[in-house]
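Residues per chain are reported as follows:
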Amino acid sequence: MEARFWAKVNKKGPFSEICCGNCWIWMGHIHKRLGYGGFGVGVGEDKWKCVGAHRFAWVLFNGSIVGKFDVHHKCRVRSCVNPDHLELKTRKAHSKEWSGERNGQRTRPDRAAIGSRAGNSVLDEWQACGVMAMYLQGFTKDEIATCYGISNVGVQMICYGRSWKWLFQEGT
């Protein structure tokens, strides 16, 4: 099963400034809406269960997950399975991290719901910056879309300044 898992991992993904190392990008099934990788594991005779590829990578390197913990991507790339980029967090801490809340305060209380706080957002601010960084490094739109679990149009909207443009304006 491990060989099947590693055959679907590209260890030459984008460099993460946050984690000081390359993301290992899951090249198998990606959940269309959430952007997380999925890996099929056998749970009995002729029965399969889809588990998060990042959760499977965590278990491979660190052992089972005891209790109700989420596997958090420190690099903010949902398709990353590099165990150095993963950590366990409680559901509450993980939700605060992704919602942009720090110490009980919203990070941008003066603004309306934009970016990751908007209800229809698939990416957060770090990921939108990652999309732009990969584009500027010469990655194709297809490669970027696969990495972040978004459409080519979504990549294009970010790279051409039609969405998330407030992130890339001077003075922000």
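Residues numbered from 1 in each chain as written. Predicted model: local features only at pLDDT ≥ 70, side-chain atom pairs only at ≥ 80, totals over all residues. Heavy atoms only, no water.

### Focus on the pattern of salt bridges
Thinking step 1. The final tally for this structure, using the stated rule, is three salt bridges.
Thinking step 2. Here Asp70 makes a salt bridge to Arg91, at a shortest N to O gap of 2.8 Å. Residue Asp70 is found in strand β8 (residues 69-73), and its partner Arg91 is found in helix α3 (residues 91-99); the two are separated by 21 residues along the sequence.
Thinking step 3. A relative accessible area of 56% places Arg91 in the exposed class. (Salt bridge = Lys/Arg side-chain N within 4 Å of Asp/Glu carboxyl O. Helix = DSSP H or I, 4+ residues; strand = E, 2+ residues; numbered from the N terminus. Buried < 20%, exposed > 50% of the residue type's maximum accessible area, 1.4 Å probe, protein only.)

### Quick look at the state of the cysteines
Thinking step 1. Per the stated rule, a full pass over the model turns up zero disulfides.
Thinking step 2. Considering cysteine sulfurs only, Cys23 is the nearest to Cys75, which forms no disulfide, with 3.8 Å between them. (Disulfide = S-S within 2.5 Å.)

### A few points about the confidence of the model for the protein chain
One rule of thumb: low pLDDT means the predicted coordinates there are not for detailed reading.
Thinking step 1. In the predicted model, the protein chain carries a mean pLDDT of 81, and 84% of its residues have values of at least 70.
Thinking step 2. Mean pLDDT per element in the protein chain: strand β11 (residues 105-106) is the minimum at 46, and helix α2 (residues 53-62) is the maximum at 94.
Thinking step 3. This stretch, residues 102-111, has a pLDDT under 50; its non-local contacts, to residues over four places away or in other chains, come to 14 contacts. (pLDDT = per-residue confidence, 0-100. Contact = heavy atoms within 4.5 Å.)

### Here's the deal with α2
Thinking step 1. Of the residues making up α2, those classed as buried are Ala53, His54, Phe56, Ala57 and Trp58.
Thinking step 2. Two residues or fewer after α2 comes Gly63, characterised by a positive phi angle close to 90°.

### Looking at the packing of aromatic side chains
Thinking step 1. Evaluation of the coordinates by the stated rule reveals nine aromatic pairs.
Thinking step 2. Centre to centre, the rings of Trp26 and Phe39 are 5.7 Å apart; their planes meet at 85°, and the pair counts as edge-to-face. Taken together, the positions of Trp26 in strand β4 (residues 25-26) and Phe39 in strand β6 (residues 37-44) put the pair 13 residues apart, joining distant regions of the chain. For the pair Trp26 and Phe39, a shared accessibility class is recorded, and that class is buried.
Thinking step 3. We note Lys11 situated over the ring of Trp24; from NZ or CZ to the ring centre the distance is 4.4 Å. (Phe/Tyr/Trp six-rings, centres within 6.5 Å; stacked < 30°, edge-to-face > 60°. Lys NZ or Arg CZ within 6 Å of the ring centre and 35° of its normal.)

### Examining the pairing of β6
Thinking step 1. Across two bridges, strand β5 (residues 29-30) lies against β6 in antiparallel orientation. In the strand pairing of β6, Ile30 is matched with Gly37.
Thinking step 2. Linking two consecutive strands that pair antiparallel, namely β5 and β6, is a turn of six residues; a positive phi of about 85° is found at Gly35 within it.
Thinking step 3. As defined by bridge partners, β6 adjoins strand β7 (residues 47-52) across six bridges and the pair is classed as antiparallel. The partner of Gly40 across the bridge, within β7, is Cys50.
Thinking step 4. The turn joining β6 and β7, which pair antiparallel and follow one another in sequence, is formed by two residues; a positive phi near 60° is taken by Asp46. (Pairing = 2+ DSSP bridges.)

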